[in-house]
Amino acid sequence: MTTTAHEETLGFQTEVKQLLHLMIHSLYSNREIFLRELISNAADACDKLRYAALDNDALYDGDSELRIEIEHDAEAGTVTVRDNGIGMSRDEVIQNLGTIARSGTAEFLKQLSGEQQKDARLIGQFGVGFYSGFIVADEVTVRTRKAGADKAAGVEWRSKGEGEFTVADIEREAHGTEIILHLKQDATEFADEYRLQSLVRKYSDHIEVPVRMPKVETAKDDDGNVIEGSEVTSWETVNEATALWARPKSEVSDDEYKAFYKHVAHDFSDPLTWSHNKVEGKLEYTSLLYIPGRAPFDLYERDGARGVKLYVQRVFIMDDAEQFLPLYLRFVKGVLDTRDLSLNVSREILQQDPKVERIKSALTKRVLDMLKKLSKDSEAYQTFWNTFGSVLKEGPAEDFANRDKIAALLRFSTTHTDSATQDQSLADYVARMQKGQEKIYYLVADGFNAAKSSPHLEIFRKKGIEVLLLHDRVDEWLMSHLHEFEGKRFADIAKGELDLGEIEGEEEKKAQEETAKAKEALVKRVKEALGDAVQEVKVTHRLTDSPACVVLPEHEMGYQMRRIMEAAGQTLPEVKPILELNPTHALIERLEAAEDEGFEDLARVLLDQAVIAEGGHLDDPAAYVRRLNALLTA
Ligand code: ADP
Ligand code: MG
């Protein structure tokens, strides 16, 4: 009998209640994962004790053989998961098993609407952890004692998962934690030796700590009947119990790699691919890196979880060691185990150690190579790109040295397919370049539709020249860091002079010059009418269907970037666009024929329309509407 004292009943944090609800309803067909989660926590607790004991051997309390034990009682309908790891104090129990530690997860849950909460896919975006016990149990009891604490400092936690939990002080002989699941009526199938064994093998084979189950042996008499009182219980290790990454590649199956991924990434679904490498020589480390198939909810959050699980000589050091991968590869999950660092490294030391920088650059190459390999499987790569493409686009700005490798991994929408799906590579584009074409042409707009019907494309469509249609928020910024690909320079078709190089013949160029001359007077009149609203006015051959367009000087910041910076509160110097007129358009002919006030109104309408087509804002939209209406009723 345990005597309990100082008992108090507390309410779960609102987000925990939400998580419990979401989990119980959406994970019904995947109930068995509770065991993986509890074993994973037990293994973490053993890792933590081993790490703490490096400085203070006494924490083992004479029991340094770290292990996890699983027991069941079919009659009582219980399953127990026990470890002799670090354990928890009363405060830690209340904190860890009553709230959701990661603030991001709590934030995320707060934002979910009722409908979304029913969505099982959402739950895969964050680890379910300890609370998953309630998928199969209608009551959970936890008994724990922190390593190094007094025997009287044990704690018991109980809950039916319905909004509140009770904690009490107990006496506990051993340090570590024991979790007892009182199975629901319809989950008693889990109180079964073979079921438990097979689940341990399925989910926890790769865990380095041994997972043991009791084996009861009995003696039988000559007639084959069990001799009463002859039962002897011995403990049998059920899992492989070696760190998966420390095993040779050839001995690890795909299923084992996938199971390990789910453990390190807290994900439900399979990874897209992985890369397992042992490096010896100047640096000595083993890495096992995965590309997930789905994005975590905090991918774009500043303090979102990122980085690898760090081990030094097989001793767990820390989760989310973000120093070993650049930010633009923050979606990568996995493990790094090295001999090059000392066991007492801290995050601060990691920031200064030059070896860390060298490992980082090696791991970066690894990941880029892994992605290159993945790109041979177009379906899998498309999944990757749709999920993480806009993160990878941060690469050229962050990682100058690998710019070319990253460029080869980028995918775009283009006029070749006219599809919003970004699935064309720069190599595809270059292979389709026309004879005489020297540049890779692109256009940046706020959305795919705006890009697809931009007036700037008219001449390119007419001549059948492909243009990349960039419509992601980060695209203009990306392009400002990419200058060429395979020796071909990039050209923004909405900036600077239109230069089609040798695609245009001598005759065409001559004809253009002649038109320009013929329209000199018109151009002058328009410039006078518009005053300093524009930097310059010219005639153009960019356009076939539109009367006019605006163009920015070559090195000017584009409209997309301006909008982003302005939204971030920056004030930018005004840019005056260049207005280009299509001399073959009926409206330009009408403009030529117009006089005085009519001329000025039409010229201003043409300018404002061109700005709108570019996705820009008008200073005085009402004036535009007034002028347009005047023209319509004239
Ligand atoms: P996570 O493992 O992702 O942190 P969990 O919900 O699985 O989230 O666990 C919450 C916290 O409860 C853990 O971070 C740990 O501090 C604590 N915990 C859970 N199980 C144990 C255990 N067996 N021993 C010690 N601490 C534990
Ligand atoms: Mg956990």
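It should be emphasised that the depicted structure is a prediction, and the values quoted were computed from it without experimental measurement.

Asks: Would you mind going over the pairing of strand β5 (residues 154-159) with me for this structure?
Replies: Along a regular strand, successive side chains alternate from one face of the sheet to the other. Extensive coverage of β5 is indicated by the burial of five of its six residues. As paired elements, strand β4 (residues 137-145) and β5 share five bridges and run antiparallel to each other. Counted as the bridge partner of Thr141 is Arg158 from β5. Examined bridge by bridge, β5 and strand β6 (residues 164-170) share six bridges and lie antiparallel to one another. Note on β6: the bridge partner recorded for Gly154 is Ile170. Joining the antiparallel neighbours β5 and β6 is a turn of four residues, in which Gly161 adopts a positive phi near 70°.

Asks: Mind showing me how you'd approach the sheet that holds strand β15 (residues 413-414) here?
Replies: The strands making up a sheet associate through hydrogen bonds between their backbones, and the pairing can be parallel or antiparallel. Sheet architecture is open: five strands sit in the order β15-β17-β16-β19-β18, paired in mixed fashion. Of all strands in the sheet, those with a lone pairing partner are β15 and β18 (484-485), marking the two edges. For β15 and strand β17 (residues 468-470), the ladder comprises two bridges, and the chain directions are antiparallel. Bridge assignment links Ser413 to a residue of β17, and that residue is Leu469.

Asks: I'm lost on the packing of helix α22 (residues 586-593) against helix α23 (residues 596-613) in this one. Help?
Replies: Helix-helix packing is described using two parameters, namely the angle between the two axes and the distance between the axes. Between α22 and α23, the shortest axis-to-axis distance is 9 Å and the interhelical angle comes to 150°. Considering their axes alone, α22 and α23 lie roughly antiparallel with respect to each other. Pair α22 / α23 crosses with left-handed handedness. Contacts from Leu587, Ile588, Arg590 and Leu591 in α22 reach Phe599, Leu602, Ala603 and Leu606 in α23. In terms of residue class, the contact of α22 with α23 is built from seven nonpolar, no polar and one charged.

Asks: Sorry, what's going on with the site of ligand 1 here?
Replies: Residues in close proximity to ligand 1 include Asn41, Ala42, Ala45, Asp83, Met88, Asn96, Leu97, Gly129, Phe130, Thr177 and His266, which together make up its full environment. For ligand 1, an oxygen atom lies 2.9 Å from a polar atom in the backbone of Phe130. Interatomic distance of 3.3 Å between a side-chain N/O atom of Thr177 and a nitrogen atom of ligand 1. For ligand 1, the accessible surface in isolation is 540 Å², of which the surrounding protein chains cover 77%. A per-element tally of the shell around ligand 1 places helix α2 (residues 33-53) first, with three residues. Counted by class, the shell around ligand 1 contains five nonpolar, five polar and one charged residues.

Asks: How do you make sense of empty space enclosed by the protein when you look at a structure like this?
Replies: A water-sized probe, rolled over the atoms, reveals where empty space remains. If you walk through the whole model with that rule in mind, you get three cavities of 30 Å³ or more. Approximately 160 Å³ is the volume attributed to the largest cavity. Lining the largest cavity are 14 residues, and of these Val444, Gly558, Tyr559, Gln560 and Glu614 lie nearest its centre. At the level of secondary structure, the elements contributing two or more residues to the lining of the largest cavity comprise β16 (439-444) and α21 (559-567). Split by residue class, the lining of the largest cavity holds six nonpolar, two polar and six charged. In this structure, the second largest cavity encloses a volume near 130 Å³.

Asks: Where do I start with the pattern of salt bridges in this structure?
Replies: Where charged atoms of side chains with opposite charge meet at close range, the side chains can pair. Applying the stated criterion across every chain, the model contains 49 salt bridges. With a shortest N-O distance of 3.5 Å, Arg31 and Asp186 are connected by a salt bridge. Remark: Asp186 occurs in the loop between β7 (176-183) and α8 (193-204) and Arg31 occurs in the loop between α1 (14-26) and α2; sequence separation between them is 155 residues. Take Asp186: its relative accessible area is 40%, and that puts it in the partly exposed class. Across the salt bridge formed by Glu189 and Arg31, the nearest N and O atoms sit 2.9 Å from each other.

Asks: Would you mind going over the packing of aromatic side chains with me for this structure?
Replies: Two aromatic rings, taken as a pair, are described by how far apart their centres are and by the angle between their planes. Taken as a whole and judged by the stated rule, the model has 20 aromatic pairs. Aromatic side chains Trp245 and Phe260 sit 5.9 Å apart centroid to centroid with 45° between the ring planes, which places their arrangement in the tilted category. Here Trp245 is found in the loop between β9 (232-237) and α9 (254-265), whereas its partner Phe260 is found in helix α9, with 15 residues between them in sequence. In terms of burial, Trp245 and Phe260 fall into one category: buried. Look at Trp274 and Tyr290: their rings are 6.1 Å apart centre to centre, the planes differ by 50°, and that puts the pair in the tilted class. A residue pair is termed long-range when its members are at least 10 positions apart, and Trp274 in strand β10 (residues 273-279) and Tyr290 in strand β11 (residues 285-291) qualify at 16 residues. A relative accessible area of 21% means that Trp274 is categorised as partly exposed. Tyr290 sits in the buried class, given a relative accessible area of 0%. Taken together, Phe12, Phe130, Tyr131, Phe134, Trp157 and Phe165 form an aromatic cluster joined through their ring pairs.

Asks: Would you mind showing me how to read a positive patch on the surface here?
Replies: A surface patch of like charges, here positive, comprises Lys249, Arg366, Lys372, Lys373 and Lys376. Structurally, Lys376 is set in the loop between α11 (354-374) and α12 (378-392). The class for Lys376 is exposed, based on a relative accessible area of 67%.

Asks: What should I look at first to understand the environment of Gly98 in this one?
Replies: Relative to the helices and strands, Gly98 resides in the loop between α3 (90-96) and α4 (103-111). Classification of Gly98 as buried rests on a relative accessible area of 2%. For Gly98 and Arg195, which are 97 residues apart along the polypeptide, the C-alpha to C-alpha distance reads 30 Å. Leave out the neighbours within four places in its chain, and Gly98 touches Phe12, Gln13, Val16, Val93, Tyr131 and Phe165.

What counts and how
Residues numbered from 1 in each chain as written. Chains lettered and ligands numbered in written order. Predicted model: local features only at pLDDT ≥ 70, side-chain atom pairs only at ≥ 80, totals over all residues. Heavy atoms only, no water. Buried < 20%, exposed > 50% of the residue type's maximum accessible area, 1.4 Å probe, protein only. Helix = DSSP H or I, 4+ residues; strand = E, 2+ residues; numbered from the N terminus. Pairing = 2+ DSSP bridges. Axes fitted to C-alpha atoms, helices over the stretch in contact; angles between N-to-C directions. Parallel < 35°, antiparallel > 145°, perpendicular 65-115°, else oblique. Left-handed = near helix turned anticlockwise from the far one by under 90°. Contact = heavy atoms within 4.5 Å. Nonpolar A, V, L, I, M, F, W, Y, C, P; charged D, E, K, R; others polar. Near = heavy atom within 4 Å. Polar contact = N/O pair within 3.5 Å; in protein donor to acceptor, adjacent residues only side chain to side chain. Areas by Shrake-Rupley, 256 points an atom, 1.4 Å probe, with all protein chains shown as cover. 1 Å grid on protein atoms, 1.4 Å probe; cavity = no way out; pocket = protein on both sides within 12 Å on 5 of 7 lines; lining within 4 Å. Points joined across faces, edges and corners; volume = space filled by probe spheres on them. Salt bridge = Lys/Arg side-chain N within 4 Å of Asp/Glu carboxyl O. Phe/Tyr/Trp six-rings, centres within 6.5 Å; stacked < 30°, edge-to-face > 60°. Patch = residues over 30% accessible without salt bridge, like charges linked within 9 Å, V, L, I, M, F, W, Y side chains within 5 Å. Lys, Arg positive; Asp, Glu negative; His and termini not counted. Charge placed at Lys NZ, Arg CZ, Asp CG, Glu CD.

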